[in-house]
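Report on the structure
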Amino acid sequence: FARYVEGTVPHIPWCETPLQPESFLIQPQLAKLNRCGLLTVNSQPPVDGAPSNHPTFGWGGKGGRVYQRGYFECFVSPDKTNRL
């Protein structure tokens, strides 16, 4: 998982595409989480008012702003769950 996030493994069985550019912002943190045993499967970085025409985060109509909360979803073993 960490090697996929870092880009040294091009895809994983359930995702045939490399990490999306949006995730490059949190790539080091995702790799660290994976190396600690939290196997991340979905994530997004926080965005605070990026213009709607931003090349990575933009979407929607002209003149808009993009806001999103950062999060990650992961698989974790029972013993690590108790430590969280």
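Structure's up top.
Here is a short report on the structure shown in this document. Because the structure is predicted, anything quoted here is derived from the model rather than measured.

The rules behind the values
Residues numbered from 1 in each chain as written. Predicted model: local features only at pLDDT ≥ 70, side-chain atom pairs only at ≥ 80, totals over all residues. Heavy atoms only, no water. Helix = DSSP H or I, 4+ residues; strand = E, 2+ residues; numbered from the N terminus. Buried < 20%, exposed > 50% of the residue type's maximum accessible area, 1.4 Å probe, protein only. Contact = heavy atoms within 4.5 Å. Salt bridge = Lys/Arg side-chain N within 4 Å of Asp/Glu carboxyl O. Core = buried A, V, L, I, M, F, W, Y, C linked by side-chain atoms within 4.5 Å.

1. Brief notes about the environment of Glu 73
Along the chain, Glu 73 falls in strand E4 (residues 71-75). Given the relative accessible area of 42%, Glu 73 is considered partly exposed. Sequence spacing of Glu 73 and Glu 16 is 57 residues, and the spatial spacing of their C-alpha atoms is 18 Å. Excluding its chain neighbours within four sequence positions, the residues that come into contact with Glu 73 are Leu 39, Thr 40, Val 41 and Asn 42.

2. Focus on the pattern of salt bridges
Using the criterion set out here, one finds one salt bridge in the structure. Salt-bridge contacts for Arg 35 lead to Glu 6; the nearest nitrogen and oxygen are separated by 2.6 Å. Taken together, the residues span a long stretch of sequence, with Arg 35 in helix H2 (residues 27-35) and Glu 6 in helix H1 (residues 2-6) at a distance of 29 residues. By relative accessible area, Glu 6 is classed as partly exposed at 35%.

3. Some thoughts on the nonpolar core
Residues Tyr 4, Val 5, Ile 12, Leu 19, Ile 26, Leu 30 and Ala 31 constitute the largest nonpolar core, which totals seven residues. Taken together, the elements giving at least two residues each to this core come down to H1 and H2. Apart from the residues lying within four places of it in its own chain, the contact partners of Ala 31 are Ala 2, Val 5 and Glu 6.

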